[in-house]
Amino acid sequence: MAKKPSAKKPAKKTKSKAPAKKKLVAKPDEMLKYYRDMLLIRRFEEKAGQLYGMGLIAGFCHLYIGQEAVVTGCKAAMKDGDQMITGYRDHGHMLALDMTAKGVMAELTGREGGYSRGKGGSMHMFSTEKKFYGGHGIVGAQVPIGAGLGFANKYLENGAVSLAFFGDGASNQGQVYEAFNMAKLWDLPVVFVIENNQYAMGTSVKRASAETELYKRGSSFEIEGMEVDGMNVLAVRDAAQKAIKHARDGKGPMILEMKTYRYRGHSMSDPAKYRSRDEVTKTRAERDPIDWARARILDEGWADEDELKKIDKEIKGIVAEAAEFAQESPEPDPSELWTDVLLPVDAA
Amino acid sequence: MAIDIKMPALSPTMEEGTLSKWLVKEGDTVSSGDILAEIETDKATMEVESIDEGTVGKIIVAEGSEGVKVGAVILQLLEDGESADDLGAPASAPESEAPKGEDQPGTTGESHPKDDSTDEPAPMPKTKPANDPDIPTNIKMVETTVRDALRDAMAEEMRRDETVFVMGEEVAEYQGAYKVTRELLQEFGAKRVVDTPITEYGFAGIGVGAAFGGLKPIVEFMTFNFAMQAIDHIINSAAKTLYMSGGQMRCPIVFRGPNGAASRVGAQHSHDYAAWYANVPGLKVIAPYDAADAKGLLKAAIRDPNPVVFLEHELLYGETFDVPDMDDFLIPIGKSKVRSEGSDVTLVGFARMVGRCLEAAEILAGEGIDAEVIDLRTIRPLDSDTVIESVKKTNRIVCTEEGWGQSGIGAEIAARVVDEAFDYLDAPPARVFQADVPLPYAANLEALSLPGTEDVVKAAKKVCYKD
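Quick caveat: nothing in here was measured; it's all calculated off a predicted structure.

**Q** Run through the overall build of chain B, naming residues and quoting values.
**A** A count of helical and extended segments in chain B gives twelve helices and 22 strands. For 467 residues, the compact-globule estimate of 2.2 N^0.38 gives 23 Å, and the C-alpha radius of gyration of chain B, at 24 Å, lies within 12% of that figure. Within chain B, the fraction of its 467 residues that count as buried is 59%. In chain B, the share of contacts with a sequence separation of at least 24, taken over all contacts with a separation of at least 6, comes to 76%. Surface accessibility of chain B: about 18,300 Å² in total, with carbon and sulfur atoms responsible for 48%. Of the charged side chains in chain B, 44 are positive and 81 negative, and the gap between their average positions amounts to 8 Å.

**Q** For the overall build of chain A, give the residues involved together with the corresponding values.
**A** The helix and strand tally for chain A stands at eleven helices and eight strands. Computed over C-alpha atoms, the radius of gyration of chain A comes to 20 Å, within 12% of the 20 Å expected from 2.2 N^0.38 for 348 residues, which places it in the range of a compact globule. Put simply, chain A has 348 residues, and 53% of those count as buried. Contacts spanning at least 24 positions in sequence make up 75% of the contacts within chain A whose residues lie at least 6 apart. Total accessible area computed for chain A in this model is approximately 15,600 Å², and 53% of it derives from carbon and sulfur atoms. Across chain A, the mean location of the 52 positive side-chain charges is 7 Å away from that of the 49 negative side-chain charges.

**Q** Give me the lowdown on the side chain of B:Ser237, citing residues and values where you can.
**A** For B:Ser237, the position within the fold is in helix 4 (residues 231-239). Exposure remark for B:Ser237: the relative accessible area of 2% places this residue in the buried category. Residues in contact with B:Ser237, not counting those within four places in the same chain, are A:Ala141, A:Ile145, B:Val208, B:Phe212 and B:Asp232.

**Q** Now, about helix 2 (residues 68-77) of chain A: what can you tell me, with residues and values included?
**A** In terms of burial, helix 2 of chain A is a largely internal element, eight of the ten residues being buried. Here helix 2 of chain A has its buried residues at A:Glu68, A:Ala69, A:Val70, A:Val71, A:Thr72, A:Gly73, A:Cys74 and A:Ala77.

**Q** Provide a residue-level description of the interface of chain A and chain B, including the pertinent values.
**A** Each partner contributes residues to the interface: chain A has 40 residues there, and chain B has 45 residues. Of the roughly 3,600 Å² buried between chain A and chain B, counting both surfaces, carbon and sulfur atoms make up 67%. Here chain A and chain B share zero salt bridges between them. The tally of links between chain A and chain B comes to 18 residue pairs in polar contact (both at pLDDT 80 or more).

**Q** Any details on unusual backbone geometry? Residues and values, ideally.
**A** B:Arg380 connects to B:Pro381 through a cis peptide bond whose omega is 0 degrees. With respect to the helices and strands, the residue B:Pro381 is situated in the loop between strand 20 (378-380) and helix 9 (384-394). You will see that A:Arg117, though not glycine, has its phi angle at about 55 degrees, which is positive. With phi around 75 degrees, B:Gln175 is a residue other than glycine that occupies positive phi space. Note that B:Gln175 resides in the loop between strand 10 (164-168) and helix 2 (184-188).

**Q** Describe the sheet that holds strand 1 (residues 83-86) of chain A, listing the residues and the values that go with them.
**A** Residues and elements named next belong to chain A. Ordered by their spatial adjacency, six strands build an open sheet running 2-1-3-4-8-7, and the pairing between neighbours is parallel. Each edge of the sheet is formed by a strand with only one pairing partner; in this case those strands are strand 2 (132-135) and strand 7 (225-229). Neighbour-to-neighbour, the strand axes of this sheet turn through a mean angle of 20 degrees, independent of strand direction. Looking at chain direction, strand 3 (residues 162-167) and strand 4 (residues 190-196) are connected through six bridges and run parallel. Along strand 4, the bridge assignment pairs Leu163 with Val191. Where helix 2 meets the sheet, it contacts strand 1, strand 3, strand 4 and strand 8 (254-259), and its direction lies at approximately 170 degrees from that of strand 3.

**Q** So what's going on with the pattern of salt bridges? Residues and values would help.
**A** Close approach of charged atoms lets side chains of opposite charge pair. Counted under the stated rule, the structure contains 55 salt bridges over all chains. Across the pair A:Glu213 and A:Lys216 runs a salt bridge whose closest N-O atoms are separated by 2.6 Å. The partner of B:Arg303 in a salt bridge is B:Glu157, and the shortest N-O contact between them spans 2.8 Å. Of this pair, B:Arg303 sits in helix 7 (residues 291-303) while B:Glu157 sits in helix 1 (residues 146-160), and the two are 146 residues apart along the sequence. Note on B:Glu157: relative accessible area 1%, which makes it buried. Connected through shared salt-bridge partners, B:Glu156, B:Glu157, B:Arg160, B:Lys295, B:Lys299, B:Arg303 and B:Asp328 make up one network.

**Q** Describe the nonpolar core, listing the residues and the values that go with them.
**A** The biggest cluster of nonpolar side chains holds 81 residues, and the ones touching the most others in it are A:Phe151, B:Phe221, B:Phe255, B:Tyr277 and B:Ile413. Non-local contacts of B:Phe255, meaning those with residues more than four positions away in its chain, are made with B:Ala204, B:Val208, B:Val219, B:Phe221, B:Phe224, B:Ile234, B:Ala238, B:Val308, B:Val309 and B:Phe310. Listed in part, the 72 residues of the second largest apolar core include A:Ala101, A:Val191, A:Val236 and A:Ala326.

**Q** Any details on the pairing of strand 1 of chain A? Residues and values, ideally.
**A** In the case of a regular strand, side chains alternate between the two sheet surfaces. All names here are of chain A. Burial along strand 1 is two-sided: Gln83 and Ile85 facing one way and Met84 and Thr86 facing the other are all buried. One ladder, built from three bridges, connects strand 1 with strand 3; its direction is parallel. Following the sheet pairing, Met84 is matched in strand 3 by Leu163. Bridge count between strand 1 and strand 2: two bridges; the pairing is parallel. From the neighbouring strand, Met84 faces strand 2, where its bridge partner is Phe132.

**Q** Help me get a handle on the sheet that holds strand 3 (residues 29-30) of chain B, residues and values and all.
**A** Residues and elements named next belong to chain B. In space, the four strands of this open sheet follow the order 1-8-6-3, with antiparallel pairing throughout. Here the strands that pair on one side only, and so sit at the sheet edges, are strand 1 (3-6) and strand 3. Pairing of strand 6 (residues 54-59) with strand 8 (residues 73-78) involves four bridges; the strand directions are antiparallel. Its bridge partner being in strand 8, Thr55 is matched across the sheet by Leu78.

**Q** Give a description of helix 1 of chain B that names residues and reports values.
**A** Residue and element names in this part refer to chain B. Compared with the 21 Å implied by 1.5 Å per residue over 15 residues, the 21 Å span of helix 1 between its first and last C-alpha is a close match. For helix 1, the buried fraction is high: eleven of the 15 residues fall into the buried class. Listed in full, the buried residues belonging to helix 1 are Val146, Arg147, Ala149, Leu150, Arg151, Ala153, Met154, Ala155, Glu156, Glu157 and Met158.

**Q** So what's going on with the packing of helix 4 (residues 101-108) of chain A against helix 11 (residues 305-328) of chain A? Residues and values would help.
**A** Working note: a packed helix pair is described by the angle between its axes plus the distance between those axes. Residue and element names in this part refer to chain A. At a minimum axis separation of 8 Å, helix 4 and helix 11 run at an interaxial angle of 40 degrees. One element, helix 4, and the other, helix 11, form an angle in the oblique class. Crossing geometry of helix 4 relative to helix 11 is assigned as right-handed. For the pair formed by helix 4 and helix 11, the contact residues are Ala101, Lys102, Met105 and Ala106 on the first element and Ile318, Glu321, Ala322, Ala323, Phe325 and Ala326 on the second. When the residues that make up the contact of helix 4 with helix 11 are grouped by side-chain class, the tally is eight nonpolar, no polar and two charged.

Criteria and cut-off values
- Residues numbered from 1 in each chain as written.
- Chains lettered and ligands numbered in written order.
- Predicted model: local features only at pLDDT ≥ 70, side-chain atom pairs only at ≥ 80, totals over all residues.
- Heavy atoms only, no water.
- Helix = DSSP H or I, 4+ residues; strand = E, 2+ residues; numbered from the N terminus.
- Rg over C-alpha atoms; globule rule 2.2 N^0.38 Å.
- Buried < 20%, exposed > 50% of the residue type's maximum accessible area, 1.4 Å probe, protein only.
- Contact = heavy atoms within 4.5 Å.
- Areas by Shrake-Rupley, 256 points an atom, 1.4 Å probe, with all protein chains shown as cover.
- Lys, Arg positive; Asp, Glu negative; His and termini not counted.
- Charge placed at Lys NZ, Arg CZ, Asp CG, Glu CD.
- Buried area = accessible area lost by both parts, 1.4 Å probe.
- Salt bridge = Lys/Arg side-chain N within 4 Å of Asp/Glu carboxyl O.
- Polar contact = N/O pair within 3.5 Å; in protein donor to acceptor, adjacent residues only side chain to side chain.
- Pairing = 2+ DSSP bridges.
- Axes fitted to C-alpha atoms, helices over the stretch in contact; angles between N-to-C directions.
- Core = buried A, V, L, I, M, F, W, Y, C linked by side-chain atoms within 4.5 Å.
- Expected span 1.5 Å × (residues − 1).
- Parallel < 35°, antiparallel > 145°, perpendicular 65-115°, else oblique.
- Left-handed = near helix turned anticlockwise from the far one by under 90°.
- Nonpolar A, V, L, I, M, F, W, Y, C, P; charged D, E, K, R; others polar.

Remember, this is a structural readout, not a statement about activity or role.
Encoded structure:
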């Protein structure tokens, strides 16, 4: 007997919403670390914006301000050996992976002390030591590459999981779905993290996406998706733990849609005419991830104002030092123009 | 009259095949759609279906027969009311329609007109790898097809290094669309011989990620025409990342597959991409001609720590050449090879055009012109030193390629020769290349479009002022 059309099941394995409110838990020292890490990203990006305004940073510079909880929460769920890869809004990811603020800032200013010795710039930095695989400027390209890292992990049986971050804009790229298909087909240990900051440059999700609930985008590949409050570092951490465990257990990828918001323009040259000033102000006032963490710490009595001020001061120092280094580090030697094009055949 | 069932062509380039098995016997009744037989070539096996109804009257070609020409009558089918008396003599192979309604020209005994622009259906000129400084003397030679040489190269490197794996469409269970990965699945298993969905952009990206993650992928494209979907990852992700990372990120990967004009497949399946990839720093680009180079260079490419684009040629896959019988035969990347020495004019080519240049050299010899033939083998890095040295000797050069002329490999070589050996030139450098149009399907137009031996001869005479 033919099934009635109305009997059609909702997309399999796709959860509709995050579980009902239960209090997110954290240990005091964990929470203080998340606060510190998010603050470092915020202050670093503010300084980068300032240096850009002074003409010390050029080209494209995409700031992560507002989205700090996403990468901080994900990092908290990762284990040694796990990898991260993202698109061009990448400064926060590098700082979360403990790449030095100096090295990142000096790359932004195009200096010898930068992670790519000045040859990559804002969008192209890497650290094989810290398991950061870029920093990719082609929208969506990091998604199959991230799945490829997962392919290598599975092949080498090293137990590692790769986290591939991309935006709501990239989630409309065809290659993302090619990667979804193979990642599930082969149950690769990869987690797809969609940072939905609601605008792909100036185009809002609803103007670009037929299905605006992006965590459902894996349903036709049997990939489970979760919608996550990307402004809450603990919600992010808990979701990431679940997804990473799922991948590490050999069950394949999961999709985490992080509902987040970018306070600044798409890049430094963005006049942000596509959204109202009120929308930005309201989000900052009501959903700011750092304010939330700060309030939680004070509420719980895990630290007092003085202790938080000490953290603020420490961060300020790190960022000032990075900015200074980024200006003092020399430009790369002209001979650097010709290096790193090809490796010698016998490169060990 | 009985219906003649003929040997069908499995591909545009197939000329003959093996009738491996009959699934009907004389006296059987068959309907449209019934499977009559299995036939195979070195590339594929296929079932022959009946398009008619009737009774099997006579099996003309016995099971197990090899070298059955396309178009030869293999079975005669009796229609309703006919008996064995109606069989008559089978029509001669070339005439009338082929099975399955395939359009055949039908006068030459060939399934299709030659893809060649010359009239000679002769095989590719043989080469003497023994003259190669990279091959020790007194080494035993084994006759090998380019297809098997490529396969052997992959198999040897996979035995040598556990991190080498091959991925692509139909590489595993199907044994390769062109049978280049034949039997690799059986030896190395599904972990290392990975069938992908039809998703070039995606699996090229996964390959690059796997290379970043410590593996050495061999990514097969069914043809480089399809790699257009993946060229973003080849260039933006594979070629540029070492530089953009200040030397941190390695991408040891080989992108390989057939490139260039095949035969009668139209513009979207007949495109030489050598010039496209040769334009990109951070890539190595290889386009071998004979089986020894195919093997030695592919092994070197797999070991190379850089991304390599390895351009094969479909029309050379089935050609047989000598390959040295050595445990570990490698050809260094970036070295061209003088295929034939001469003093009057330098002919430069790569891949299939090397054969055209060698043929041209023979014709020219008959007219008193002593041509030197250089096989580039590697397109990037381009070994222009060998070319420059040759031009200093011959004072004349003809650059040949199967692709288009504008911004092509020939244009690049001509520019370098003018730069570095201007005072040695007795004539402007000449170029031979594909007509500046998308490759046409019609047999005559296709032949007109592609550069052939005669074009090389003509260009050589021109620079020798003997036209």
